[in-house]
Amino acid sequence: IGLFPAMQAIARSFVFAMMAMFWGVVTIFALLLIFSILAVELVYPHSRELTNTRPWCQEAFGSVQAAFLYFFQTMLVGDSWGDCVIPLATEHWLFFLFFGAGVVVVQLGLINLILTAIVDEANHAHESDTEMRCRQMQEREQRQIRQLGPIFQSIDADQSG
């Protein structure tokens, strides 16, 4: 990789971005887990009473695993958000606040923070790459001075500079 400086810079940026993305995913999963536990406790007793929705929605909050899958599907993928939320919100309006808070926190807040962290890590990689290039240029300049110094001294026969 040392022969290709551009590839080295890309690889370094990729590694820094992957670290930020890894911790972002861990944080998102932890947040989805919290919302899943809350949904099992708060939403499941009411979701079983729904009759104007798909059968899956009645059981989507029956376990933490099912609720986690639901939140992953709706908050991260953005699929079928209203299938279960709209019937619940029409029966109990506080559920709209609960699910709305989840969307705002996960999609608008946390994902934007993760994107900011990825961009910051990419900037850090760029800065370290720039510093490394400056050091390499200074080393090359010093090496050229050492190589060309004796040649210039031999050319300057009268020592006038």
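Residues numbered from 1 in each chain as written. Predicted model: local features only at pLDDT ≥ 70, side-chain atom pairs only at ≥ 80, totals over all residues. Heavy atoms only, no water.

Draft legend 1. Spatial organisation of the packing of helix α1 (residues 5–42) against helix α4 (residues 64–76). The contact between α1 and α4 brings their axes to 8 Å, and the two run at 125 degrees. When the axes of α1 and α4 are compared, the pair comes out oblique. Classified by chirality, the crossing of α4 by α1 is right-handed. Facing I28, F29, L32, L33, F35, S36, I37, A39 and V40 of α1, the residues of α4 in contact are V64, A67, F68, F71, F72, M75 and L76. Looking at the contact of α1 with α4 residue by residue, the classes come out as 15 nonpolar, one polar and no charged. (Axes fitted to C-alpha atoms, helices over the stretch in contact; angles between N-to-C directions. Helix = DSSP H or I, 4+ residues; strand = E, 2+ residues; numbered from the N terminus. Parallel < 35°, antiparallel > 145°, perpendicular 65-115°, else oblique. Left-handed = near helix turned anticlockwise from the far one by under 90°. Contact = heavy atoms within 4.5 Å. Nonpolar A, V, L, I, M, F, W, Y, C, P; charged D, E, K, R; others polar.)

Draft legend 2. Layout of the side chain of S36. Following the sequence through the fold, S36 ends up in helix α1. Exposure remark for S36: the relative accessible area of 0% places this residue in the buried category. In this structure the side chain of S36 is engaged in a polar contact, spanning 2.7 Å, whose partner is the backbone oxygen of L32. In this view, S36 contacts V64, A67, F68 and F71; residues no more than four positions away in its chain are not counted. (Buried < 20%, exposed > 50% of the residue type's maximum accessible area, 1.4 Å probe, protein only. Polar contact = N/O pair within 3.5 Å; in protein donor to acceptor, adjacent residues only side chain to side chain.)

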